[in-house]
Amino acid sequence: MTIELTPQQLLVLDGGEPGVPRVVDPRNNASYVLVSEAEYETVRDVLEDERQQQVIRRVALRNAIGRMGEMP
């Protein structure tokens with residue numbers, strides 16, 4: 001789903017203010033940040049890599065603990 005920005009939102013986006021533009025859902029006051037799709041993909045890739053590294057570390061730790069139990 002794609003949502004087109006309003007003229008007011010475009011002004012904020014083009015305003016060059018420091019930081020990331022934020023939007024608030026008035027129903028629950030949840031805050032969201034607006035980032036470019038390229039930035040989103042980069043962050044998503046980094047987070048996915050980190051998740052994979054955590055899984056690898058957990059498996060390695062479990063294997064190491066298992067080997068310690070096998071020691072005489």
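All of the points below concern the structure found in this document. Just so it is clear, the model here is predicted, and its values are computed rather than measured.

## As for the overall build of the protein
Argument step 1. Of regular secondary structure, the protein possesses two helices and two strands.
Argument step 2. Counting from the amino terminus, the protein carries its helices and strands in the arrangement α-β-β-α.
Argument step 3. Over its C-alpha atoms the protein spans a radius of gyration of 22 Å, topping by over 25% the 11 Å that the globule rule assigns to 72 residues.
Argument step 4. With the C-alpha coordinates aligned to their principal axes, the bounding extent of the protein is approximately 70 × 25 × 25 Å.
Argument step 5. Looking at the protein as a whole, 1% of its 72 residues are labelled buried.
Argument step 6. Carbon together with sulfur atoms contributes 59% to the accessible area of the protein, which is approximately 7000 Å² in total.

## A look at the pairing of strand β2 (residues 30–33)
Argument step 1. Two strands pair when backbone bridges link them, and strand β1 (residues 22–25) and β2 are joined in this way by four bridges, in the antiparallel orientation. Among the inter-strand pairings, V24 is bridged to a residue of β2, identified as S31.

## What about unusual backbone geometry?
Argument step 1. Of note in this structure, N29 is not a glycine but carries a positive phi near 60°.
Argument step 2. Assignment of secondary structure puts N29 in the loop between β1 and β2.

## Some details on the pattern of salt bridges
Argument step 1. Tallying each qualifying case throughout the model produces four salt bridges.
Argument step 2. Close ionic contact of E41 with R44 constitutes a salt bridge, the shortest N to O distance being 2.9 Å. Of this pair, E41 and R44 both sit in helix α2 (residues 37–70), three residues apart, roughly one helical turn.
Argument step 3. Its relative accessible area of 27% is what places E41 among the partly exposed residues.
Argument step 4. R57 is the salt-bridge partner of E50, the closest N and O atoms lying 3.0 Å from each other.
Argument step 5. Residue E50 is classed as partly exposed on the basis of its relative accessible area, which comes to 37%.

## Some details on the layout of surface pockets
Argument step 1. In this structure, the largest pocket encloses a volume near 380 Å³.
Argument step 2. As for the largest pocket, its lining consists of M1, T2, I3, L5, Q9, V23, Y32, V33, L34 and V35.
Argument step 3. In terms of residue class, the lining of the largest pocket is made up of eight nonpolar, two polar and no charged.

The rules behind each value
Residues numbered from 1 in each chain as written. Predicted model: local features only at pLDDT ≥ 70, side-chain atom pairs only at ≥ 80, totals over all residues. Heavy atoms only, no water. Helix = DSSP H or I, 4+ residues; strand = E, 2+ residues; numbered from the N terminus. Rg over C-alpha atoms; globule rule 2.2 N^0.38 Å. Buried < 20%, exposed > 50% of the residue type's maximum accessible area, 1.4 Å probe, protein only. Areas by Shrake-Rupley, 256 points an atom, 1.4 Å probe, with all protein chains shown as cover. Pairing = 2+ DSSP bridges. Salt bridge = Lys/Arg side-chain N within 4 Å of Asp/Glu carboxyl O. 1 Å grid on protein atoms, 1.4 Å probe; cavity = no way out; pocket = protein on both sides within 12 Å on 5 of 7 lines; lining within 4 Å. Points joined across faces, edges and corners; volume = space filled by probe spheres on them. Nonpolar A, V, L, I, M, F, W, Y, C, P; charged D, E, K, R; others polar.

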